[in-house]
Number of protein chains: 2
Amino acid sequence: VLEGAKVITEALDADAALEDLYVAPGTQDPVVQRAARAGIAVHVLAAGVMERVTDTVTPQPVVAIASWPAVTIETLADADFVVVCVDVRDPGNLGTVLRTAEASGASGVVCCDGSADISAPKVVRSSAGSLFHIPVVSGGNPVEVMERLGTWGLCRLGTSAHEGVCYDGADLRGRVAVVLGNEAWGLPAELAEQLDLTVTIPMSGRTESLNVGMAASVLCFEVTRQRRAAGAGR
Amino acid sequence: VLEGAKVITEALDADAALEDLYVAPGTQDPVVQRAARAGIAVHVLAAGVMERVTDTVTPQPVVAIASWPAVTIETLADADFVVVCVDVRDPGNLGTVLRTAEASGASGVVCCDGSADISAPKVVRSSAGSLFHIPVVSGGNPVEVMERLGTWGLCRLGTSAHEGVCYDGADLRGRVAVVLGNEAWGLPAELAEQLDLTVTIPMSGRTESLNVGMAASVLCFEVTRQRRAAGAGR
């Protein structure tokens, strides 16, 4: 379910497969005509119905149903920069991670079993369209996902509050999978053991941790920074 | 107003000045006894009252009133790393910026007129205690704030989607003020003209911008990274 003209426009821009568009009575948004021209069935709802079916505090006048393309992890077999979410349960955080992954140039994201549902409206909203722009694999046992990525030769990189090497001292120019855990308890021990590299983001003050969206931003843009610096040095 | 045992514990840890503690009937949280021992007046509310006065979906069983210490901008006259918020209106984003500022080692934050109220419960929650740990100046005309910081010799750094130098190519080792604008429209023209340096965070994909919390994380940790690298090179 895609809520709001902004998200639906992003989906149309990305050629996502929309099936039906539902519109509150009296809605004049240009996205409605655009969808109709694209062959999507447009249904005008009775007054008051939209308010009952949408989950936001401020109901959107337009809602679309999209068929979600199933992306398999094999899509990422040759990827050189992957982001893996393990137990990232907050939809807003997951959306932020998707947005950061796209912006920093990741090839794709794997949201393992236990993370928020990527089709949840809040994930779609907070990803600001990134969900439509890069391959996002939904589901998968995290231990098996880690094994696959390792077999494919990606360096599986995780974070630790204190026990890793400084993140900007690690060489992130090779093929890398940035593995993000749950904000409260990090990665389960069995996954931490599968990591090829553990890094720490040094922190000042009394801060104990960054939230997972912030940590993802710092790590993913460091990957890109190092690659850009290496490219400039060639 | 501080809502919830977690935030109140952080405030007690930071020796913030709490005035009164309000408790829902039957609350057993250890923070209540700790506050009482610290000389804070504890009031037990009648059943149902807490649900009406708190603003979260899940009401907290404990709420405290803190007197907010007024921090003046003069506190930052000798600072070497300041974060300035101009029109950062979303309380969650502002809290994230405070958390990033503390974690990256900033000396303080200025929240100019037009930004979210730093005492709003959502700011307090999402700052995860940072509000109590570093000096936060609330209010101030943004043009005047920029003038003061410039007079004090800080390099006022802002972002532009396309027109700046690459952020990691800029020298951020000197005294710097990272100026963050509104997510939708950035910095007003009059403030953009006051900047000493405009940087761009290069982005891949179709992403048009990072949210202000992500941009703050990338920039603030780049400041710290450069300073750490410079220290290691000495």
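Residues numbered from 1 in each chain as written. Chains lettered and ligands numbered in written order. Predicted model: local features only at pLDDT ≥ 70, side-chain atom pairs only at ≥ 80, totals over all residues. Heavy atoms only, no water.

### A word on the confidence of the model for chain A
Residue and element names in this part refer to chain A.
- This prediction gives chain A a mean pLDDT of 89; 96% of its residues lie at or above 70.
- Element-level mean pLDDT values for chain A span from 74 in helix H3 (residues 49-53) up to 98 in strand E5 (residues 81-85).
- Two numbers describe this predicted complex: its pTM, 0.85, and its ipTM, 0.83. (pLDDT = per-residue confidence, 0-100. Helix = DSSP H or I, 4+ residues; strand = E, 2+ residues; numbered from the N terminus.)

### Regarding the relation of the copies chain A and chain B
- Mapping chain A onto chain B leaves a residual RMSD of 0.1 Å; the transformation is a rotation of 180 degrees accompanied by 0.0 Å of translation along its axis. Read as a symmetry element, the transformation amounts to a two-fold axis. It is valine 218 of chain A whose C-alpha, among those of chain A, lies nearest the rotation axis, at 2.7 Å.
- Of all interface residues in chain A, 100% are interface residues in chain B too; the two copies therefore contact each other through one and the same surface. (Least-squares fit on C-alpha atoms with pLDDT ≥ 70 in both. Contact = heavy atoms within 4.5 Å.)

### Section: the sheet that holds strand E2 (residues 18-23) of chain A
All names here are of chain A.
- If you trace the four strands from one edge of the open sheet to the other, you get E1-E4-E2-E3, paired in mixed fashion. Every interior strand has two partners, whereas the edge strands, strand E1 (2-3) and strand E3 (41-44), have only one.
- In terms of strand pairing, E2 meets E3 through four bridges, oriented parallel. Note on E3: the bridge partner recorded for valine 23 is valine 44. (Pairing = 2+ DSSP bridges.)

### Some remarks on the environment of alanine 5 of chain A
All names here are of chain A.
- Looking at the element boundaries, alanine 5 is found in helix H1 (residues 5-13).
- On the basis of relative accessible area, alanine 5 is assigned to the buried category, the value being 16%.
- Sequence separation between alanine 5 and alanine 77 is 72 residues, and the spatial gap between their C-alpha atoms is 35 Å.
- Filtering out sequence-adjacent residues up to four positions away, alanine 5 remains in contact with Asp29, Val31 and Gln60. (Buried < 20%, exposed > 50% of the residue type's maximum accessible area, 1.4 Å probe, protein only.)

### Section: empty space enclosed by the protein
- Under the counting rule described, the total for this entry stands at one cavity of 30 Å³ or more.
- By volume, the largest cavity amounts to about 70 Å³.
- Taken together, Tyr167, Ser217, Val218, Phe221, Glu222 and Arg225 of chain A together with Tyr167, Ser217, Val218, Phe221, Glu222 and Arg225 of chain B make up the full set of residues lining the largest cavity.
- Listing elements by their share of the lining of the largest cavity, those giving two or more residues are helix H9 (212-233) of chain A together with helix H9 (212-233) of chain B. (1 Å grid on protein atoms, 1.4 Å probe; cavity = no way out; pocket = protein on both sides within 12 Å on 5 of 7 lines; lining within 4 Å. Points joined across faces, edges and corners; volume = space filled by probe spheres on them.)

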